[in-house]
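Residue-level structure breakdown
Okay, here's what each chain looks like letter by letter:
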Amino acid sequence: MFPFDAVLTDFDGVLRHFDHAAQADIEARYGLPLRKTAFDPEMILPPTLGHVTEAQWVESTVAALGGGERARQAMAEFVEIAFWVDDEVRALLAKAQEHVPVIIVTNAMDTLEEHIDRLGLTYFADDVVSSARVGVAKPDPRIYEIAAERAGAAPDRCLFVDDRLPNVEAARALGMTGIHYRSLQDLAEVLG
């Protein structure tokens, strides 16, 4: 018997990964603090909550970097950095999906659906709870409640997986079983 009624999983850092070396290379070539600027909480929160689009976030980041063609080109390269699916994580989640719903719960922008489609995951998850679509972001308790509701499971019957410990702790505070994902082994120990 499967020990949970639903698996709720983060997207970035668990299922999807970015080329961080390429991000660092772009920063070095342009001499601009792209990651620090683009992911500053005041910069990243509006698109994450769906208040602005990814395109507007890019423009805001370009402006915060001083504007101009150099900043614009750096951000254009930055948002096109390659990303991929961890096939081993996908396989573990697919195995769990034979028993229970698997819901992606992610802090994302309005382009998430396009990215999921590019990765061939459009029909993978049973549902996707995107912060940009529901207007709340992890670690706000409401996003976990929305995910559990969509899964048709009580929070204390949900497994929640995330690479950010504050997000895991927020899920645990609602009674969920939380896994702080750092490697495949963390997930395999529970879903293996």
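Procedures and definitions
Residues numbered from 1 in each chain as written. Predicted model: local features only at pLDDT ≥ 70, side-chain atom pairs only at ≥ 80, totals over all residues. Heavy atoms only, no water. Helix = DSSP H or I, 4+ residues; strand = E, 2+ residues; numbered from the N terminus. Buried < 20%, exposed > 50% of the residue type's maximum accessible area, 1.4 Å probe, protein only. Contact = heavy atoms within 4.5 Å. Axes fitted to C-alpha atoms, helices over the stretch in contact; angles between N-to-C directions. Parallel < 35°, antiparallel > 145°, perpendicular 65-115°, else oblique. Left-handed = near helix turned anticlockwise from the far one by under 90°. Nonpolar A, V, L, I, M, F, W, Y, C, P; charged D, E, K, R; others polar. Phe/Tyr/Trp six-rings, centres within 6.5 Å; stacked < 30°, edge-to-face > 60°. Lys NZ or Arg CZ within 6 Å of the ring centre and 35° of its normal. Pairing = 2+ DSSP bridges.

Moving on, we come to the side chain of Asn 167. Within the secondary structure, Asn 167 sits in helix α10 (residues 165–173). Look at Asn 167 and you get buried, because its relative accessible area is 4%. Not counting residues within four places of it along the chain, the set of residues in contact with Asn 167 comprises Lys 138, Pro 139, Tyr 144, Phe 160 and Asp 162.

Another point: unusual backbone geometry. The omega torsion across Lys 138 and Pro 139 is 15°, close enough to zero to call that bond cis. Within the secondary structure, Pro 139 is located in the loop between α8 (131–134) and α9 (141–151).

With that settled, the discussion passes to the packing of helix α3 (residues 41–48) against helix α4 (residues 54–64). Close contact between α3 and α4 brings their axes to 10 Å; oriented N to C, the two are set at 165°. As far as their axial angle goes, α4 and α3 are roughly antiparallel. As for how α3 packs across α4, the hand of that crossing is right-handed. Contacts between α3 and α4 involve Met 43, Ile 44 and Pro 47 from the former and Trp 57, Ser 60, Thr 61 and Ala 64 from the latter. Looking at side-chain class alone, the contact of α3 with α4 contains five nonpolar, two polar and no charged residues.

This model, assessed by the stated rule, comprises five aromatic pairs. A ring pair is formed by Phe 39 and Phe 78, whose centres lie 5.9 Å apart and whose planes are at 50°; its orientation type is tilted. Taken as a pair, Phe 39 in the loop between α2 (34–38) and α3 and Phe 78 in helix α5 (residues 68–79) lie far apart in primary sequence, 39 residues in all. Exposure remark for Phe 78: the relative accessible area of 6% places this residue in the buried category. Through a chain of ring-to-ring contacts, the aromatic side chains of Phe 39, Trp 57 and Phe 78 assemble into a single cluster. One Lys or Arg, Arg 16, reaches over the ring of Phe 83 and ends 4.7 Å from the middle of that ring.

Right, let's talk about the packing of α4 against α5 for a bit. In the contact formed by α4 and α5, the axes pass within 9 Å of each other and the chain directions differ by 140°. On the basis of their axis angle, the class for α4 and α5 is oblique. α5 is crossed by α4, and the crossing has right-handed handedness. The segment α4 lies against α5, with Trp 57, Val 58, Glu 59, Thr 61 and Val 62 engaging Gly 68, Ala 71, Arg 72, Met 75 and Val 79. Looking at the contact of α4 with α5, its residues break down into six nonpolar, two polar and two charged.

This part is about the pairing of strand β1 (residues 6–9). Burial along β1 is two-sided: the residues Ala 6 and Leu 8 and Val 7 and Thr 9 are all buried. Pairing of β1 with strand β6 (residues 158–162), which is carried by four bridges, proceeds in the parallel orientation. Counterpart to Leu 8 in the pairing with β6 is Phe 160. As judged from the three bridges shared by β1 and strand β4 (residues 102–106), these two strands associate in the parallel manner. Looking at β4, one finds that Leu 8 is bridged to Ile 103.

The sheet built from five strands is open, its strands ordered β5-β4-β1-β6-β7 with parallel pairing. The sheet is open, and its two edges are formed by β5 (127–130) and β7 (177–180), each paired on a single side. On average, adjacent strands in this sheet sit at an angle of 20° to one another, irrespective of strand direction. Note that β4 and β5 share four bridges and pair parallel. In the sheet register, Ile 103 faces β5, and the bridge partner there is Asp 127. Strands β1, β4, β5 and β6 of the sheet are contacted by α9, whose axis makes an angle of about 165° with β5.

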